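Read off the chains here:
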Amino acid sequence: MRTEKSGKSRATTALVMLAIASAAGLPRSAGAETVLRIGMTAADIPRTLGQPDQGFEGNRFTGLTMYDALSMWDLSSADKPSVVIPGLATEWKVDDADKKKWTFKLRPGVTFHDGSPFNADAVVWNVEKVLKQDAPQFDPSQVGVTASRMPTLASARKIDDMTVELTTKEPDSFLPINLTNLFMASPAKWQKLFDAAEGADAKAKSQAAWAAFARNASGTGPWKMSSFTPRERLELARNENYWDKARIPKVDKMLLLPMPEASARTAALLSGQVDWIEAPSPDAVAEIKQRGFLLKTNEEPHVWPWQFSRVEGSPWNDIRVRKAANLCVDREGLKDGLLAGLMVPATGTFEPGHPWRGKPTFEIKYDKPAAQKLMQEAGYGPNKKLTVKTQTSASGSGQMLPLPMNEYLQQALAECYFDVQLDVIEWNTLFTNWRRGAKDPSANGANATNVTYAAMDPFFALVRFLQSSMAPPVSNNWGYINNPKFDELVTKARQTFDPAARDAALAELHAASVDDAAFLYVAHDVAPRAMSPKIKGFVQPKSWFVDFSPISMTP
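Residues numbered from 1 in each chain as written. Predicted model: local features only at pLDDT ≥ 70, side-chain atom pairs only at ≥ 80, totals over all residues. Heavy atoms only, no water.

Enquirer: Give a description of the state of the cysteines that names residues and reports values.
Expert: Taken as a whole and assessed by the stated rule, the structure comprises one disulfide. In this model cysteine 328 forms its disulfide with cysteine 416; the gap between the sulfur atoms is 1.9 Å. Classification of the bridge connecting cysteine 328 and cysteine 416 rests on its S-S torsion, roughly 90°, and on that basis the disulfide is right-handed. One end of the pair, cysteine 328, is in the loop between helix H10 (319-327) and helix H11 (331-336); the other, cysteine 416, is in the loop between helix H13 (402-414) and strand S18 (418-425), with 88 residues separating them in the sequence. Comparing cysteine 328 with cysteine 416, the two get one shared label, buried. (Disulfide = S-S within 2.5 Å. Helix = DSSP H or I, 4+ residues; strand = E, 2+ residues; numbered from the N terminus. Buried < 20%, exposed > 50% of the residue type's maximum accessible area, 1.4 Å probe, protein only.)

Enquirer: Can you lay out the sheet that holds strand S8 (residues 153-160) for me, pointing to particular residues and giving the numbers?
Expert: Spatial strand order, S6-S7-S9-S8: four strands in an open sheet with antiparallel pairing. Of all strands in the sheet, those bounded by a partner on one side alone are strand S6 (89-94) and S8. The average undirected angle you get between the axes of adjacent strands in this sheet is 20°. Judged from the five bridges that link them, S6 and strand S7 (residues 101-106) form a sheet pairing that is antiparallel. (Pairing = 2+ DSSP bridges. Axes fitted to C-alpha atoms, helices over the stretch in contact; angles between N-to-C directions.)

Enquirer: Explain the pairing of strand S21 (residues 519-524) residue by residue, including any values.
Expert: Taken across its six residues, S21 has six buried, putting it largely inside the fold. Pairing between strand S15 (residues 302-308) and S21: four bridges, direction antiparallel. Bridged to tryptophan 306 within S21 is leucine 520. Relative to S21, strand S16 (residues 344-345) runs antiparallel, the two sharing two bridges. Across the sheet, the residue bridging to proline 345 is alanine 523, located in S21.

Enquirer: Pulling in residues and values, what's your account of the pattern of salt bridges?
Expert: Tallying each qualifying case throughout the model produces 23 salt bridges. Between glutamate 278 and arginine 60 there is a salt bridge, with the nearest N and O atoms lying 2.5 Å from each other. Placement of glutamate 278 in strand S13 (residues 276-278) and of arginine 60 in helix H2 (residues 55-63) is noted, with a sequence separation of 218 residues between them. A relative accessible area of 5% means that arginine 60 is categorised as buried. Residue arginine 238 pairs with aspartate 252 through a salt bridge whose shortest N-O separation is 2.6 Å. Separated by 14 residues along the polypeptide, arginine 238 in strand S11 (residues 233-238) and aspartate 252 in the loop between S11 and strand S12 (253-258) bring together distant segments of the chain. Neither arginine 238 nor aspartate 252 differs from the other in exposure class; each is buried. When salt bridges that share partners are traced, they join Glu33, Glu235 and Lys253 into one network. (Salt bridge = Lys/Arg side-chain N within 4 Å of Asp/Glu carboxyl O.)

Enquirer: An account of the packing of helix H6 (residues 187-196) against helix H7 (residues 202-215) is needed here, citing residue identities and associated values.
Expert: Interhelical geometry of H6 versus H7 gives an angle of 125° and a closest axis separation of 8 Å. One element, H6, and the other, H7, form an angle in the oblique class. Considering how the two elements wind past one another, H6 and H7 form a crossing that is right-handed. Residues Lys189, Trp190, Leu193, Phe194 and Asp195 of H6 form the contact with H7, whose participating residues are Ala202, Lys205, Ser206, Ala209, Trp210, Ala212 and Phe213. A class-by-class count of the residues in the contact of H6 with H7 yields eight nonpolar, one polar and three charged. (Parallel < 35°, antiparallel > 145°, perpendicular 65-115°, else oblique. Left-handed = near helix turned anticlockwise from the far one by under 90°. Contact = heavy atoms within 4.5 Å. Nonpolar A, V, L, I, M, F, W, Y, C, P; charged D, E, K, R; others polar.)

Enquirer: Tell me about the packing of helix H16 (residues 484-494) against helix H17 (residues 499-515), and name the residues and values.
Expert: H17 packs onto H16 with a crossing angle of 160° between their chain directions and a minimal axis gap of 8 Å. One way to sum up the angle between H16 and H17 is to call them roughly antiparallel. Remark: the crossing between H16 and H17 carries left-handed chirality. Taken together, the residues of H17 that come into contact with H16 (itself represented by Lys485, Phe486, Leu489, Val490, Lys492 and Ala493) are Arg502, Ala505, Leu506, Glu508, Leu509, Ala512 and Ser513. Classifying every residue of the contact of H16 with H17 gives eight nonpolar, one polar and four charged.

Enquirer: Any details on the environment of leucine 401? Residues and values, ideally.
Expert: Checked against the element boundaries, leucine 401 lands in the loop between strand S17 (386-393) and H13. Of the residues examined, leucine 401 reaches a relative accessible area of 15% and is grouped as buried. Considered as a pair, leucine 401 and aspartate 498 are 97 residues apart in the sequence and their alpha carbons are 39 Å apart. Dropping the residues within four chain positions of it, leucine 401 is found in contact with Ala262, Pro282 and Leu339.

Enquirer: Got a sec to walk through the nonpolar core? Specific residues and values, please.
Expert: Within the largest apolar cluster, 88 residues are counted, with the highest numbers of intra-cluster contacts made by Trp306, Trp316, Leu413, Phe418, Leu466, Leu520 and Tyr521. For this core, the leading source of residues is helix H15 (residues 458-466), giving seven residues. What tryptophan 306 contacts, discounting residues up to four positions off in sequence, is Trp316, Thr390, Asn406, Leu409, Leu413, Val420, Ala448, Thr449, Asn450, Phe519 and Leu520. Within the second largest apolar cluster, 34 residues are counted, among which are Trp125, Leu234, Met254 and Trp276. (Core = buried A, V, L, I, M, F, W, Y, C linked by side-chain atoms within 4.5 Å.)

Enquirer: I'd like a rundown of H7, residues and numbers included.
Expert: For H7, which comprises 14 residues, the first-to-last C-alpha distance of 20 Å matches the rise-based estimate of 20 Å (1.5 Å per residue) to within 8%. For H7, every residue scored as buried is listed here: Ser206, Ala209, Trp210, Ala212, Phe213 and Ala214. (Expected span 1.5 Å × (residues − 1).)

Enquirer: Kindly report on the packing of aromatic side chains, identifying the contributing residues and their values.
Expert: Note on aromatic pairs: each is described by the distance of the centres and the angle between the planes. Within the structure shown, the criterion is met by 29 aromatic pairs. Here the aromatic rings of tryptophan 276 and phenylalanine 538 are separated by 4.8 Å at their centres, their planes lie at 65°, and the arrangement is edge-to-face. Here the residue tryptophan 276 occupies a position in strand S13, and phenylalanine 538 occupies one in the loop between strand S23 (535-536) and strand S24 (552-553), the gap between them amounting to 262 residues. No difference in accessibility class separates tryptophan 276 from phenylalanine 538, as the two residues are buried. Seen in terms of ring centroids, tryptophan 427 and phenylalanine 431 are 5.5 Å apart; in terms of plane orientation they differ by 50°. Their pairing is tilted. Of this pair, tryptophan 427 and phenylalanine 431 are both found in helix H14 (residues 427-434), four residues apart, which corresponds to roughly one turn of the helix. Members of the aromatic cluster, each reached through a chain of ring pairs, are Trp427, Phe431, Trp434, Tyr453, Phe465, Phe519 and Tyr521. (Phe/Tyr/Trp six-rings, centres within 6.5 Å; stacked < 30°, edge-to-face > 60°.)

Structure, rendered in structure tokens:
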């Protein structure tokens, strides 16, 4: 197994220790002030300028906190799946005559953290920051993490101060869901920074303005930036003027600390240096509970997979090989052993009972003899192993325990005549490579990538991986899947605006992807979070995201 850690690992460890030291130096409360201290799995603070990096962990911590989108996720229930609800838009409707045009009515009385008003001009400005290359505020660094999540959005037009028209390249019933990822940053704040910026030309001044904006951000969200030290800590303060009075945070401040190593996060919690950690070490779960800490879990729409390369020459082009890999993994053993119960075995992107499950004929289960038989039919055996290489990370958003889990797969697949090599890189680099694709030099010869994905909506769960036109650089079809049946079903679902009929098309698409063994489906995360018993009011939703606003802390 080849890894790329060495100096980077030492640097990461040093940063974790620095973060812990910073947290240790911060009192839980200063007088009446309450501070919630969180250890993230990310190795760095996600970008703060409006469109976060670090995957959906970035959205969770520096997106949904400081910013809002036109539509948003309902994160109020632990029992029902999260659904899209109005955010900065109060309602929306597709045009009856032209399904490429949508009208969005905006929420009145909303202001950015700098006091400037939110209106239709602000929406157009934020659309153009990632779509209009000749706009002064266009920022290439924000495009990759945004445009790939809403690939059909073409333009925005102001109708009046509280109404905008959005146009898509093709009829797309998914648009309101996709727009949960377009966060509204303050145009007035950016313009002020742009006017004061130095630079040889407008492009240089724009980059300087965005860099300054990231250090002193302004959105409309329930949390405001209080202080920021890159790679070390981000402090957010309650926004007393938030437009949804029910979601004004109940604690005064929230401190975010990068802690990519599970053991370091767990130690920080147990020693009282932080109040909350994402993804504790499974081998410490018993101690965490025994010492009175809370462990919150809930199955979330999430898949931990290997995504296969389908470019010419890839070993995964043989469906027998893809099916063999899926049959060679003892998921229950992984769950009960390494992960201490903190996963749900995956038999596809969706499990039975989900409206998008469908009726796949290929049953994903542990059947080593059947896997070995398929590999032998494909020309492999004990004396002729098939070498495959997977790119993964040492930590990251939703990655669970990527190294131990991949080593488990390495050993399991060896029994089915696979020789698995692992290329281990930093999480945000892996995430960036995901959009570059299997053909890019950044893949380093890998023919699979291990990036976990959210399955909350049709685009994120299925379309961006299975539609041929979503290949890099458009979106996340990393392996360049090109299956006419998938394309046909995606088009059918996108252009179906009746919810029941759209669900039926999506179920057919999912069943087809399972029957094709499009991924090595391994696990669904249960989003384990360990926290102090002083934390009250937290709801663990069936979502990748959480709402920090209702959380309170007892003295």
